[in-house]
Amino acid sequence: MSGSRWALVAHGGAGVIERERLKPEQEAAYRAAMATVAEAGAAVLRAGGSAMDAAEAAIHLLEDDPLFNAGRGATFTAEGRVELDASIMDGRTLAAGAVAGLTATRHPISAARAVIEGSDHVMLMGEGADAFARRQGLEQVEPGWFFTERRWRGLEKALTGAGLPIPPRPAGAGVDDDRLSLVHDEGKHGTVGVVALDANGDVAAGTSTGGTTAKRWGRVGDSPIIGAGTYATNRAGAVSCTGAGEYFIRLWVAREICALVEHAGLSLQAAADKVVQGQLTALGGDGGVIAVAPDGQMAWSFNTAGMYRARIAEGEPLVVGVFGDEA
Ligand code: ASP
């Protein structure tokens, strides 16, 4: 997988994604969604757009698609609301932006990007982050926008298991359309991410998530933490992670993969495998990563049963994967 001019890899979360648990129509829906997302990002790159633009545009689709745990379709906190996290990093400049705990911004990845372009900061959280996004002109939505019955049932199950009370449904929780019946519960989490290499040789990585089901006390995972869930440098590559954030934070997974490429001379795939199959597995964490390097190498690695994923590059066909036994 090397020698491409532009390239893009996307993930829609890793977890308990097994053939026998996924109905054929669900599998088809997830495959089609990943293909659409990769093609949308590729269209930006093909037209000469930047890696940052491609990552943001592709993540918009994933955030709006209720099949994935990000934006619409995000998991709920124990209080029955969404707290959305996202981050994005530009490998050319090392500019990075992140937001945590958004409750009203439709596209958290754009809020993360706005932190780069509209503030002197790297990370904003909570009400202030939503207020900042609003001031930046980013679309705000009612709590009902994010609601999906499937995730709500996941919350009820988690809270019942933990002996916690079930909160009231969010205001404006809508009626499910047909697509929502296809949502697959791949465990207690999920995340979306895109890494891209543009025709200028610049890489970028973006990640967006609802975090873990029934999270409490303002819990924040790895996804909005630069170095943990997201990292990009033209000296090594761009990485986006999905999985049990508490493990990814301590292993600094995204940065560690880049460091192994930059300082130890590992190939991108070898670095990703070393961290995911080696360090992450040894620590007891589950999840996966996607990565792209400035020379066109693309990689993914996960230690879960599956990961929704797609990759595409100039001169190479689109590849979509769901289960662990696919290329
Ligand atoms: N990494 C996310 C978090 O810990 C969840 C996931 O990707 O499954 O918040």
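Structure first, text after, so check above.
Presented here is a report on the structure given in the accompanying data block.

Reading the values: the criteria
- Residues numbered from 1 in each chain as written.
- Predicted model: local features only at pLDDT ≥ 70, side-chain atom pairs only at ≥ 80, totals over all residues.
- Heavy atoms only, no water.
- Axes fitted to C-alpha atoms, helices over the stretch in contact; angles between N-to-C directions.
- Helix = DSSP H or I, 4+ residues; strand = E, 2+ residues; numbered from the N terminus.
- Parallel < 35°, antiparallel > 145°, perpendicular 65-115°, else oblique.
- Left-handed = near helix turned anticlockwise from the far one by under 90°.
- Contact = heavy atoms within 4.5 Å.
- Pairing = 2+ DSSP bridges.
- Buried < 20%, exposed > 50% of the residue type's maximum accessible area, 1.4 Å probe, protein only.

**Overview of the packing of helix α1 (residues 24-46) against helix α2 (residues 51-64)**
Packing of α1 against α2 brings their axes to within 8 Å, and their N-to-C directions diverge by 155 degrees. Viewed along their axes, α1 and α2 adopt a mutual orientation that is roughly antiparallel. Handedness of the α1/α2 crossing: right-handed. Of the residues in α2, those in contact with M34, T36, V37, A40, G41, V44 and L45 of α1 are A51, D53, A54, A57, A58, L61 and L62.

**Structural notes on the sheet that holds strand β9 (residues 287-292)**
In spatial order, the strands read β7-β8-β9-β10; together these 4 strands make up an open sheet with antiparallel pairing. For this open sheet the edge positions go to β7 (230-233) and β10 (298-302), each flanked by a neighbour on one side alone. The mean inter-strand angle of the sheet, taken between neighbouring strand axes irrespective of direction, is 10 degrees. Pairing analysis gives 5 bridges linking β9 to β10, with the strands arranged antiparallel. Bridged to I290 within β10 is W300.

**Some remarks on unusual backbone geometry**
The phi angle at A214 is positive, at roughly 65 degrees, despite the residue not being glycine. Looking at where A214 falls in the secondary structure, it is placed in the loop between β6 (203-209) and β7. A214 sits in the buried class, given a relative accessible area of 15%. Of note, W217 is a non-glycine position whose phi angle comes to about 60 degrees, a positive value. Along the chain, W217 falls in the loop between β6 and β7. What makes W217 exposed here is its relative accessible area of 74%.

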